[in-house]
Amino acid sequence: MLTDDTTVNATTEILIIGGGITGTSTAYFLTQAGHEVTVLERSELASEASGLNAGTLWQIGWGTSPNLSTTLSMGGLEIFKTIQSELGYDIEFRQSGALKAIQTEEQLDFLQKEVAHLKSQGYSLEILTTRDAQSIEPELSSTLSGCLYNPLGGSANPVKTTRAFASAAQQRGARILTNHEVSTIEYLDNGTYKIVTNKGIFQTKTLVIAAGPWCRSIGLMLGLHIPVFPVRGQMWSTGPIPTRLFHAIGAAESIHYWHNNPYSNMDTPLELTHRGNVRLTRHLYGRQTHDGEIIFGGDRQLSSSKTPEEAGIEVNRTHVIEIFPFLRQFPIKRTWAGLMPFTQDLKPIIGKIPQHENLYIVTGLSSSGFEQGPMSGKLLADCIHNGNPPPILSSADPTRQVTALVVDAD
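The structure displayed is predicted, hence computed values, not measured ones. (Residues numbered from 1 in each chain as written. Predicted model: local features only at pLDDT ≥ 70, side-chain atom pairs only at ≥ 80, totals over all residues. Heavy atoms only, no water.)

Student: Help me understand the pattern of salt bridges in this model?
Tutor: One side chain can pair with another of opposite charge once the charged atoms of both are near each other. Within the structure shown, the criterion is met by 14 salt bridges. With a shortest N-O distance of 2.6 Å, Glu 139 and Arg 244 are connected by a salt bridge. Note that Glu 139 is positioned in the loop between α5 (130-136) and β6 (146-150) and Arg 244 in the loop between β13 (229-237) and β14 (248-251), a separation of 105 residues in sequence. Classification of Glu 139 as partly exposed rests on a relative accessible area of 24%. Note that Glu 253 and Arg 282 form a salt bridge whose closest N and O atoms lie 2.9 Å from each other. Here Glu 253 is found in helix α8 (residues 253-260), whereas its partner Arg 282 is found in the loop between β16 (278-279) and β17 (285-288), with 29 residues between them in sequence. Using a relative accessible area of 18% as the deciding quantity, one classes Glu 253 as buried. A network of salt bridges, in which partner residues are shared, links Arg 42, Glu 48 and Lys 306. (Salt bridge = Lys/Arg side-chain N within 4 Å of Asp/Glu carboxyl O. Helix = DSSP H or I, 4+ residues; strand = E, 2+ residues; numbered from the N terminus. Buried < 20%, exposed > 50% of the residue type's maximum accessible area, 1.4 Å probe, protein only.)

Here it is in structure tokens:
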């Protein structure tokens, strides 16, 4: 049993559990507001989904009446620009635009209606003919029915971005501690939290849970049910090749399927590619990196395993080759997988957890954690600093989803 005298003791004003993009961005904005912050990461920074994702960005604009999703995405876009252009971190950000391949007439008909509606709401999207899409992405297959174009989209390096937030926070006094795995959390009578890790004991007045899909297990330490599901996304890459792709790339198949077949229950989030081990649809996203690798991925399967599944990788590669036939000649060089924090309705959980004093959470960004994580961190930092949540966070209020565990009287 760990005791205070066998470990290092440390106190901090605010302690954040999780060294991904939401945790490090929250730390950055809190230090910017003058707070003392410590971040605990159980492994290395960006070692989970924050560093394993494709780094694609799919912004569509603020719209005439911004909702939470567009606020997180567009606010994040401005933060990416600030990190690179003003703070001087090379995060390989480029606002190149993003394309989703349309492969059937049914998908085209669906997206034409969707785009018309979204444009009427002030968003920036276009349907391009295959010929016009090939003029900006020449390797696209001529068999496509067209492309959905997001001119505001782009990409950045997820590992460099997460580390940039951590570095910027450190420069303002934050302590970023890696390889500190939390084993227990105790809410003390004096209203503070005692956090025991494998390397020390920490005490804090304000605790922030930013542990992605592991928020559920962190919640159990505090007697809370945090309904976040681990969803495995998996990816593959070629070796470095000369530049052949110029945009963030996706496909319309999955969004068309999910629109026509919405399904979730208490144990299953929306917008998965599998139900159990049965494939429902193919999902696809990727890009060519600054170093020349072409990376793609897509599956969304309920799983706690971070081991890539070969059959799913091959389905994704086949899908990519349908859109970019030239990739048939480039073998897979490496594969990897990571776990994303999904909620049942895909709505994030950001704000104050009411069951304990000064307890906050940011999670549930589903597959949009890289795109929406920076602004989520800023809004949560504003909430902590000002004592009140920004109104835009009302739909992400933890009271909607986080509950106290029911203790069996027996």
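This is not the end of the story, as more comes after the structure.
Student: Explanation requested: the environment of Leu 393 in the structure shown.
Tutor: Residue placement: Leu 393 occurs in the loop between α10 (369-386) and β23 (403-404). For the pair formed by Leu 393 and Asn 67, sequence separation is 326 residues and the distance between their alpha carbons is 9.3 Å. The residues contacting Leu 393, other than those within four sequence positions of it, are Leu 68, Ile 350 and Leu 379. (Contact = heavy atoms within 4.5 Å.)

Student: What should I look at first to understand the nonpolar core in this one?
Tutor: Note on soluble globular proteins: their nonpolar side chains tend to be buried together. If you look at the biggest cluster of nonpolar residues, it comprises 44 residues, and the most contacted ones within it are Ile 16 and Val 37. Elements represented by at least two residues in this core include exactly β1 (9-17), α1 (21-32), β2 (37-40), α3 (68-86), α6 (158-171), β22 (359-363) and α10. When residues no more than four places from it in sequence are discounted, the contact partners of Val 37 are Thr 12, Ile 14, Ile 16, Ala 27, Leu 30, Thr 31, Gly 173, Ala 174 and Arg 175. Formed by 24 residues, the second largest nonpolar core is a distinct cluster that contains Leu 245, Ile 249, Leu 284 and Phe 296. (Core = buried A, V, L, I, M, F, W, Y, C linked by side-chain atoms within 4.5 Å.)

Student: How should I be thinking about the packing of aromatic side chains in this particular structure?
Tutor: Any two aromatic rings considered together are summarised by their centre-to-centre distance and by the angle between their planes. This model, assessed by the stated rule, comprises eight aromatic pairs. Pairing Phe 324 with Phe 326 gives two aromatic rings, centres 6.3 Å apart and planes at 80 degrees, and the pair type is edge-to-face. Positioned over the ring face of Trp 58 is Lys 100, at 3.9 Å from the centre of the ring. Taking the ring centre of Phe 229 as reference, the NZ or CZ of Arg 216 above it sits at 5.1 Å. (Phe/Tyr/Trp six-rings, centres within 6.5 Å; stacked < 30°, edge-to-face > 60°. Lys NZ or Arg CZ within 6 Å of the ring centre and 35° of its normal.)

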